[in-house]
Amino acid sequence: MDIESLRDYCLSLPKATEDVKWGHDLCFCLEKKMFCVVGMTVPHSTSFKVKDEEFDEMSSRPGLIPAPYMARHKWVMAETLDALSDKEWKEFIKESYEMIKAKLPAKLRNNI
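Rules and cut-offs
Residues numbered from 1 in each chain as written. Predicted model: local features only at pLDDT ≥ 70, side-chain atom pairs only at ≥ 80, totals over all residues. Heavy atoms only, no water. Buried < 20%, exposed > 50% of the residue type's maximum accessible area, 1.4 Å probe, protein only. Helix = DSSP H or I, 4+ residues; strand = E, 2+ residues; numbered from the N terminus. Arc of directions from axis to C-beta. Contact = heavy atoms within 4.5 Å. Polar contact = N/O pair within 3.5 Å; in protein donor to acceptor, adjacent residues only side chain to side chain. Pairing = 2+ DSSP bridges.

*Asks:* Even after reading the chapter, I still don't get helix H1 (residues 3–12), so can you show me in this structure?
*Replies:* Structurally, the α-helix is built with 3.6 residues per turn, so residues lying three or four positions apart point the same way. Within H1 the residues assigned to the buried category are Leu6, Tyr9 and Cys10. One side of H1 carries all its buried residues, which in axial view fall inside an arc of 100°. In this fold, the buried residues of H1 make contact with strand S1 (16–21), strand S2 (25–30), strand S3 (33–39), strand S4 (46–49) and helix H3 (86–102).

*Asks:* Teacher, can you tell me more about the environment of Ser59 here?
*Replies:* Looking at the element boundaries, Ser59 is found in helix H2 (residues 55–59). Sequence spacing of Ser59 and Trp75 is 16 residues, and the spatial spacing of their C-alpha atoms is 8.7 Å. With near-sequence residues (within four places) excluded, Ser59 lies in contact with Leu64, Ile65, Pro66 and Val76. Of the polar contacts made by the side chain of Ser59, one reaches the backbone oxygen of Phe55; its length is 2.8 Å.

*Asks:* What's the story with the pairing of S4 in this structure? I'm lost.
*Replies:* Looking down a regular strand, the side chains alternate between one sheet face and the other. A two-sided burial pattern is seen for S4, the buried positions comprising Thr46 and Phe48 on one face and Ser47 and Lys49 on the other. Both S3 and S4 contribute to a ladder of three bridges, which runs antiparallel. Within the sheet, the bridge partner assigned to Cys36 lies in S4 and is Phe48. Pairing between S4 and strand S6 (residues 75–78): four bridges, direction antiparallel. Looking at the pairing, Thr46 lines up with Ala78 of S6.

*Asks:* What exactly am I supposed to notice about the environment of Glu98 here?
*Replies:* Mapping Glu98 onto the fold places it in helix H3. Judged by its relative accessible area of 33%, Glu98 is partly exposed. In this structure the C-alpha to C-alpha distance between Glu98 and His44, which are 54 residues apart in sequence, comes to 23 Å.

Here it is in C-alpha cells:
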C-alpha cells in the first residue's frame, strides 16, 4: 500500500479527519482522537492501535515494533508501508478506528 492509498482508506471511514502534527506526521482522527499516524518522510513509518491481546505478537512481527511513546497504550509502528499487505492494512486500521470509536462518549459514538 502506498501513502495515498492509506490516506484514502483512512478518510473513507465515517467522520475520519486528518491533521499534520509535530510538523511531520499525518494523523488520522475520529472526534480528535488519533487512530493512525503516518510519517510524511520516506519510508513512511505508520502507527496504529492494536488489541491488548495482539500487542506482543504484532510488535514482534518483522517490520513492526512497539510504537515510540505510544506502546504503553498498545500501539505498534510499521517501519515501512510494505510491512503489511493491503488487506492487513485495511483490517488493522479499521480495528484501530473501531477501538477509538468504542472509547468515545455514547453521545458522540451514536452519531457516527
